[in-house]
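Close look at the chain arrangement
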Amino acid sequence: ARATSMCLALLLAAAESSLPLERLGTHAMLEVLDAPFDALNSTDRVLGALRAAAASGNLTVLGEHVHAFPVMGVSVLLLLSESHLSAHTWPERGYAAVDLFTCGPPSSLPCGEHRPARREIPGDWRCPDDRSVPAGSSAGGGLAGAVEAVLEGLGATGARLLWLERGLPPPPGERGAAPEKGEL
């Protein structure tokens, strides 16, 4: 968990740097909270939620991989033409970590890039500035529709969402001043 937090912090620091990016995709990290044990321990249910997410997001599934752990928990991966969707569950905690990455057009997600959103279901997304964004207001395909489909498919009663644009910095001759030592 600590390594994941450090990786996420480095990723966000790089993403928030002043260098413009050639956008290549959108990466959404969804934490599913308070979902039923049976849903999170079922390969069929988790696979079904990711399939529904792909369909809702108008995404093209190229392949699937499913693994049930011996005691409890599952990992599911959908390989997409646009990139991937994955879920890893901890049924005993009511928790799933879901990763959604697509190289399709930009998707309108709650609260804005780099701003964590939280949600109690039913209810709206809440932003760090206490703004409320109605759930489903950004639905209609793309990652927003995929996020909603995962939450519904797993029966979650809460969620946290963080998203950012991914891409390449400009070529070295177009970057401007080099970052200070220690900066990303």
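Residues numbered from 1 in each chain as written. Predicted model: local features only at pLDDT ≥ 70, side-chain atom pairs only at ≥ 80, totals over all residues. Heavy atoms only, no water.

1. Details of the packing of aromatic side chains
Aromatic rings in a pair are described by how distant their centres are and how their planes are angled relative to each other. Here is the rule: Between rings of Phe, Tyr and Trp, where Trp is taken as its six-membered ring, a pair exists when centres lie within 6.5 Å; planes separated by under 30 degrees are stacked, by over 60 edge-to-face, and by other angles tilted. Relative accessibility decides the category of a residue: with a 1.4 Å probe and only protein chains considered, values under 20% of the type maximum give buried, values over 50% give exposed, and everything between is partly exposed.
Evaluation of the coordinates by the stated rule reveals 1 aromatic pair. Arranged with centres 5.4 Å apart and planes meeting at 55 degrees, the rings of W90 and Y95 form a pair that is tilted. With a relative accessible area of 38%, W90 lands in the partly exposed category.

2. Side note on helix 4 (residues 142-154)
Put simply, the rule reads: In this text, helices come from DSSP runs of H or I with a minimum length of four residues, and strands from runs of E with a minimum of two, each type numbered from the N-terminal end. Multiplying one less than the number of residues by 1.5 Å gives the expected span of a helix.
The terminal C-alpha atoms of helix 4 lie 19 Å apart, and with 13 residues this matches the ideal 18 Å at 1.5 Å per residue to within 8%. Along helix 4, 10 of the 13 residues are buried, which leaves the element largely enclosed by surrounding structure. Of the residues flanking the end of helix 4, it is G155, one or two places downstream, whose phi is positive at about 65 degrees.

3. Remarks on the side chain of T26
The cut-off we apply is this: The contact rule is simple, with two residues in contact once any of their heavy atoms fall within 4.5 Å.
Summarising the element assignment, T26 is placed in strand 1 (residues 22-33). When its relative accessible area of 0% is taken as the criterion, T26 is described as buried. Every residue in contact with T26, bar those within four places of it in the chain, is listed here: L100, F101, T102, P106, S107, L109, L143, W163, L164 and E165.

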